[in-house]
Amino acid sequence: MSAQTDAFPQPRPAPLSKDPVPLSKRSDTGHDAEQLRIVPVRRTGQWTAAVAVLVLLALALSSVVRNDAFQWDVVGDYFTTASVLRGLGLTLWLTALVMVLGFALGTLLAVLRLSTNRVLQGVIWGYVWLFRSTPILVQLLFWFNIGALYPQILGVRTVNLLGPVTVAVIGLTLHEAAYAAEVVRGGILSVERGQIEAAQSLGLGAWRRLRRIVLPQAMRSIVPPAGNMLIGTLKGTSIVSVIAVQDLLYSVQLVYHRTYQVIPLLLVATLWYVAVTSLLGIGQHYIERHYARGTAGAR
């Protein structure tokens, strides 16, 4: 045994350091964690790009404000005139009415398309396909000239029957309903099937299931695109100026056709559109947050 021990000597333990470092403070490289320096990542490129963008924005803003060609004094003079405010009021009224009627009709179309009736599914699909495939301007012009296509409908003369505002409401509503139907259908399909089955097990009818169970949960998916549609409809109402509806754009057009001050009057309309859409965006944010309560999307 002694010979084997001498041939294979056992390793001696290393002497303990006078100032041992706890294992919790040792790094993988063997150095003390307290001696490591934490150096933040230098994002020189990002900061340079940010400064360059801010400088360009400042230069662009300065050029707009200091450019006399914009005629800011004229913009201030016409910004709150009676004709412009009347046009703004008609634009807001038209937007609200079209959104209410469009989503009411769109919800009905979405429910019918989700039914088990193949005929209804096909008809609703065709409606959505047709109105989404044709420009809104073409649709308005067709409705405006309905008297030339059908002089009489059920014994009623259609020539001069529909005024420009009525044509605008009908055309925009039918166009909006096609998009609203897809938005609502997508929201309904986002509701878990188990929720509907649970409501059915409670004996709730189809209408009560839709009103009490499906739509409240579907609103989380409906509100964001619906808010975008609302803003798009507000701006899209400017198309009715081609059929002489005195909305905001048509009102400023009447002025600059008389004064030839095109740029400042267009700026008046632009600033009003920006102000209203900004307010609608703020409202959309709070509505989204309301329906996202209790979910990961709440913020």
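About the criteria used
- Residues numbered from 1 in each chain as written.
- Predicted model: local features only at pLDDT ≥ 70, side-chain atom pairs only at ≥ 80, totals over all residues.
- Heavy atoms only, no water.
- Helix = DSSP H or I, 4+ residues; strand = E, 2+ residues; numbered from the N terminus.
- Contact = heavy atoms within 4.5 Å.
- Areas by Shrake-Rupley, 256 points an atom, 1.4 Å probe, with all protein chains shown as cover.
- Axes fitted to C-alpha atoms, helices over the stretch in contact; angles between N-to-C directions.
- Parallel < 35°, antiparallel > 145°, perpendicular 65-115°, else oblique.
- Left-handed = near helix turned anticlockwise from the far one by under 90°.
- Nonpolar A, V, L, I, M, F, W, Y, C, P; charged D, E, K, R; others polar.
- Buried < 20%, exposed > 50% of the residue type's maximum accessible area, 1.4 Å probe, protein only.
- UniProt positions renumbered as here; feature names shortened; annotations may be inferred.
- Expected span 1.5 Å × (residues − 1).
- Bend = angle between axes of the 7 residues up to and from the residue.
- pLDDT = per-residue confidence, 0-100.
- Phe/Tyr/Trp six-rings, centres within 6.5 Å; stacked < 30°, edge-to-face > 60°.
- Salt bridge = Lys/Arg side-chain N within 4 Å of Asp/Glu carboxyl O.

A.B. asks: Break down the overall build of the protein chain for me, with residues and values.
C.D. replies: A count of helical and extended segments in the protein chain gives 12 helices and two strands. The order of α-helices and β-strands along the protein chain, N terminus first, is α-α-α-α-α-α-α-β-β-α-α-α-α-α. At a minimum sequence separation of 6, the contacts of the protein chain that also span at least 24 residues come to 73%. Looking at the protein chain as shown, the accessible area adds up to about 20,100 Å², and 64% of this sits on carbon and sulfur atoms.

A.B. asks: Just give me the short version of the packing of helix α6 (residues 136-144) against helix α8 (residues 164-189), but keep the residues and values in it.
C.D. replies: Two numbers describe how α6 lies on α8: the axes approach to 9 Å, and their chain directions differ by 135°. The angle between α6 and α8 places the two elements in the oblique class. Here the hand of the crossing between α6 and α8 comes out right-handed. Taking contact as the criterion, the partners of Ile136, Gln139, Leu140, Trp143 and Phe144 in α6 are, on α8, Pro164, Val167, Ala168, Ile170, Gly171, Leu172, Leu174 and His175. The residue inventory of the contact of α6 with α8, partitioned by class, reads 10 nonpolar, three polar and no charged.

A.B. asks: How would you sum up unusual backbone geometry? Please name residues and give values.
C.D. replies: At alanine 244, a residue that is not glycine, the phi angle is positive and equals roughly 65°. Along the chain, alanine 244 turns up in the loop between α10 (206-236) and α11 (248-259). Positioned with a positive phi, tyrosine 260 is a non-glycine residue whose angle comes to about 60°. Within the secondary structure layout, tyrosine 260 lies in the loop between α11 and α12 (262-291). Judged by relative accessible area, tyrosine 260 falls into the exposed class, the value being 69%.

A.B. asks: Tell me about the UniProt feature "transmembrane region" (unreviewed entry) in the protein chain, and please be specific about residues and values.
C.D. replies: When the UniProt feature table is mapped to this numbering, "transmembrane region" (unreviewed entry) covers residues 47-65, 85-112, 124-144 and 262-283. End-to-end, the C-alpha atoms of residues 124-144 are 24 Å apart, and along that stretch the chain is 90% helix and 0% strand. In this annotation, residues 262-283 is assigned 100% helix and 0% strand; the end-to-end C-alpha distance for the span is 32 Å.

A.B. asks: Can you break down α10 residue by residue, with the values?
C.D. replies: With 31 residues, α10 should reach 45 Å at 1.5 Å per residue; the first-to-last C-alpha distance of 35 Å falls well below that figure. Remark: the principal bend of α10, roughly 50°, maps to methionine 219. What α10 keeps buried is the set Arg209, Leu210, Val214, Ala218, Ile222, Val223, Ala226, Gly227, Met229, Ile231, Thr233 and Leu234.

A.B. asks: Can you lay out the confidence of the model for the protein chain for me, pointing to particular residues and giving the numbers?
C.D. replies: Confidence along the protein chain averages 83 in pLDDT terms, with 86% of residues attaining 70 or more. When the elements of the protein chain are averaged for pLDDT, helix α1 (residues 2-7) gives the smallest value, 49, and helix α4 (residues 82-113) the largest, 94. The low-confidence segment residues 1-5 (pLDDT under 50) makes zero contacts with residues lying over four places distant or belonging to another chain.

A.B. asks: With reference to specific residues and values, describe the packing of aromatic side chains.
C.D. replies: Enumeration over the complete set of coordinates arrives at four aromatic pairs. Centre to centre, the rings of phenylalanine 79 and tryptophan 272 are 4.5 Å apart; their planes meet at 5°, and the pair counts as stacked. In this pair, phenylalanine 79 is assigned in the loop between α3 (72-78) and α4 and tryptophan 272 in helix α12, connecting sequence segments 193 residues apart.

A.B. asks: Can you explain the pattern of salt bridges? Please cite residues and give values.
C.D. replies: This model, assessed by the stated rule, comprises three salt bridges. Residue arginine 113 is joined to glutamate 182 by a salt bridge in which the shortest nitrogen-to-oxygen separation is 2.7 Å. Placement of the pair is arginine 113 in helix α4 and glutamate 182 in helix α8, with a sequence separation of 69 residues. Note on arginine 113: relative accessible area 18%, which makes it buried.

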